[in-house]
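Chain by chain, the residues:
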Amino acid sequence: MRNPESDSHSNLSSSYDFVPEAGPSCVTLDKAGHSNGINKENGYSTPTSNGTISNGSSTMGNGLAKHSASITRVSLPGTTLYDDPYLDREEFVRLVIQSLRDVGYIESAATLEAESGYSLEAPEVSEFRQHILRGAWADAEPLLIELGVTDADALLDARFLIGKQKYLELLEARKTTAALQVLRNDLAPYSTALEQDELHALSSLMMCSDPQDLRRRASWDGASGNSRRQLLDDLQHYIPSSTMIPQRRFATLLTQSREYQRQLCLYHNSPVNPSSSSLFSDHTCDKESFPRITTTILEVHSDEVWNVAWSHDGTHLASASKDKTAIIWRIGLEAEPSSRDCIAEFILRDHPYPLGCLAWSLDDSILSTSADHLILLWNTKTGALMKTLENHAETVSALVWLPDGSGFMSGSLDRKIILWDMEGEPRESWNDIAIRVTDAAVTPDMRRLVAVGMGYNPPPTLGTLARANVRDASPPIVSNGNGNAVGPGPRPQENRMIIYDLKTGQVELSVHMEGELTSVKISEDSRYALINHAPDEIHLWDLEEFRLTRKFTGQRQGHHVIRSCFGGIDGNFVISGSEGITTFIAVLIHTHKTFPDRNVYVWHRDTGTLLEVLEGHGLGSVNSVAWNHRNKRMFASCSDDNTIRVWEAPVYAGELLRGFSISASEPEMIGKGKGKVKQPWAYNYGGL
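Residues numbered from 1 in each chain as written. Predicted model: local features only at pLDDT ≥ 70, side-chain atom pairs only at ≥ 80, totals over all residues. Heavy atoms only, no water.

Where helix H2 (residues 89–103) meets helix H3 (residues 106–116), the closest approach of the two axes is 7 Å, and the angle between their N-to-C directions is 160 degrees. In terms of orientation, H2 and H3 fall into the roughly antiparallel class. Of the two elements, H2 crosses H3, and the hand of that crossing is left-handed. In this structure, H2 contributes Val 93, Val 96, Ile 97, Leu 100 and Arg 101 to the contact, and H3 contributes Ile 106, Ser 108, Ala 109, Ala 110, Leu 112, Glu 113 and Ser 116. By residue class, the composition of the contact of H2 with H3 is eight nonpolar, two polar and two charged. (Axes fitted to C-alpha atoms, helices over the stretch in contact; angles between N-to-C directions. Helix = DSSP H or I, 4+ residues; strand = E, 2+ residues; numbered from the N terminus. Parallel < 35°, antiparallel > 145°, perpendicular 65-115°, else oblique. Left-handed = near helix turned anticlockwise from the far one by under 90°. Contact = heavy atoms within 4.5 Å. Nonpolar A, V, L, I, M, F, W, Y, C, P; charged D, E, K, R; others polar.)

Turning to the pairing of strand S17 (residues 448–454), a few remarks are in order. Burial of S17 is extensive: seven of the seven residues sit out of reach of the surface. Summarising the sheet, strand S16 (residues 436–442) and S17 pair through six bridges and their orientation is antiparallel. Looking across to S17, one finds that Val 442 is bridged to Leu 449. Here S16 folds back onto S17 in antiparallel fashion, the turn holding five residues, of which Met 446 has a positive phi close to 60 degrees. As paired elements, S17 and strand S21 (residues 495–501) share six bridges and run antiparallel to each other. Counted as the bridge partner of Arg 448 is Asp 501 from S21. (Buried < 20%, exposed > 50% of the residue type's maximum accessible area, 1.4 Å probe, protein only. Pairing = 2+ DSSP bridges.)

As a further point, take the sheet that holds strand S11 (residues 385–389). Strand order in this open sheet of four strands is S8-S9-S10-S11, and the pairing throughout is antiparallel. Each edge of the sheet is formed by a strand with only one pairing partner; in this case those strands are strand S8 (355–360) and S11. Each strand axis lies, on average, 20 degrees off the axis of its neighbour in the sheet, ignoring direction. Strand direction decides the pairing type here: strand S9 (residues 366–371) and strand S10 (residues 374–379), joined by six bridges, are antiparallel. Across the sheet, the residue bridging to Ser 370 is Ile 375, located in S10.

The next subject is the sheet that holds strand S12 (residues 396–401). Strands pair in a sheet through their backbones, by hydrogen bonds, and they do so in one of two ways: parallel or antiparallel. Taken in spatial order, the four strands make up an open sheet running S12-S13-S14-S15, and their pairing is antiparallel. Every other strand in the sheet has two partners, leaving S12 and strand S15 (426–430) as the edge strands with one partner each. Strand-to-strand twist of the sheet, defined as the mean angle between neighbouring strand axes without regard to direction, takes the value 15 degrees. In terms of strand pairing, S12 meets strand S13 (residues 407–412) through five bridges, oriented antiparallel. Note on S13: the bridge partner recorded for Val 396 is Ser 412.

The next point concerns unusual backbone geometry. Here the bond from Ala 534 into Pro 535 is cis, since omega is 5 degrees, no more than 30 degrees from zero. Position of Pro 535 among the secondary structure elements: in the loop between strand S24 (528–533) and strand S25 (537–542).

Before going further, it helps to examine the pairing of strand S3 (residues 293–299). Across the seven residues of S3, seven count as buried, placing the element largely inside the fold. Sheet topology places S3 next to strand S35 (residues 644–648); five bridges connect them, and they run antiparallel. What sits directly across from Thr 294, in S35, is Trp 647.

So, about the packing of aromatic side chains. As enumerated under the stated definition, the model contains eleven aromatic pairs in all. Judged by centre distance (5.8 Å) and plane angle (50 degrees), the ring pair of Phe 552 and Trp 603 falls under tilted. In this pair, Phe 552 sits in strand S26 (residues 547–553) while Trp 603 sits in strand S31 (residues 600–604), placing the two residues 51 residues apart along the sequence. According to the relative accessible area criterion, Phe 552 is buried, its value standing at 0%. A centroid spacing of 5.2 Å and a plane angle of 25 degrees characterise the contact between Trp 627 and Phe 635, whose relative ring orientation is stacked. (Phe/Tyr/Trp six-rings, centres within 6.5 Å; stacked < 30°, edge-to-face > 60°.)

Right, dumping it as structure tokens:
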């Protein structure tokens, strides 16, 4: 806003975010040129808590008012910044004034305010802020309307927030009678229907035994903490931002700019590093740092490798194979691939059937594997079989350890999901669920279980599930073979994604999908679910908005189980294997031949851009991929060619490709590998 005073008497604005330690001068002056609630001694501010001061004494040092009076206001043409019609000059200058005060350059802020003629904020805004920070509730509440809070509902909400803070502070001070009056007179009349539950919770705080118990139960840090500043932040949502600028607004804009640049950086995979971040240049990551070169080939399995999973500490890789074994590999932490040890630490043989699933416990002490209807628990320190679980009647298709480490869950084609404890004892069983589970995953925040499967049977009752959250497709259309539709046909075996509330087991969302669903992974922030969907698609679902966000295409998937995953330091990559392509030659030889796709595909999650198609695997499908939890520039893939490949960023020319195999002379191993593969790096940017 423009300062109404004359050029020679421009006033100093008030700062509401005190930073005593910043800058050479920390005195804060109000519109009359006096101290704004900070006790100043020797040019420095006395530390404050929650906006309060120990006494009301203050002085105006450093001759700031005299300095301000000598500044001439500058008049500039127009109202915009530079030639940009979308940037208002007044808004920009006010943000600069606020930022200067935030970092402690009080005199510079006052000079800019006087020279530009723009005031940071009106006097009533400063008054309101100080009333809140000092706990002068009776003085603060009447100012809400003056600050532009005119909507009836918004006014009720703002008054409720102020009353809540007042109530909690009175309880903390053990003034129970006064707190009860606030509950009756200030909170109950202003509470809306949505706030009734909160009102009941607040009333229960009357029973707190002491202030510490109150702060713990209310998740509140007390009158001497930051609760009043947090109240200001909450009230900011109801006050026009042009009237009361949000705190540290310029810093917020810079943060948004940095995040936007990172989203635009397709190959972003570098950690947040202040030393490499600059306002003078846009953020960008070098494509050469992306893991797209095979640095190690693990060749011990004697048949197709169907699944891989990294330990949480990133030092071990587990693989599951059609050869009825699982292998725990120790992958060295050396940065240089040529000096890194990759050892088959344990070969787990006691599986009567080929393996499908495997999963590490949170502390990496247990590896769970599945072979047909069996679940086996292995000690990862000794390689010993701890327990075999036989509670499922059909193939176990999903194993997932709970993020809190308390146990794991299994899903099966027998329409059961079982919750187990760490020792392999069943704690809970969800029987007769609507689908034959083909995969499942738990969100890291432990709010939801996402399951995919086939053979959907509608439950007899929907319970608390709203019908709007059950999404059915239209009956399928049958073709007469000439491309002409002849009407509805019988519904094929229906595939579904079902999202459960993990705590209650209630269905939150049930969605019909046309193709087979073979894999589900959850992003680290619990926001997205990644689902492999045949034919030839990977779907990204938003678990908060319950909508399909994006489809990734390019890879092949028809009849095999292909498992994709998130990757990168922010989970901003989607990575997947691909199925072999079968071509029928019926006319001449009445047989078919398989031409393997053999590729690993990498997309940018937020744009869907296909970044890399990585070659290297041999015959057959690339069945599964897994990104290292610790080394965000390393991932592994496994294939029908019996091998596992470890992918990393390119190294200098002349480095040799490392292979790993087992000598036939070692009795505990399953057999001789194909031998070490050594060849120069291929720098064709398409793989090896």
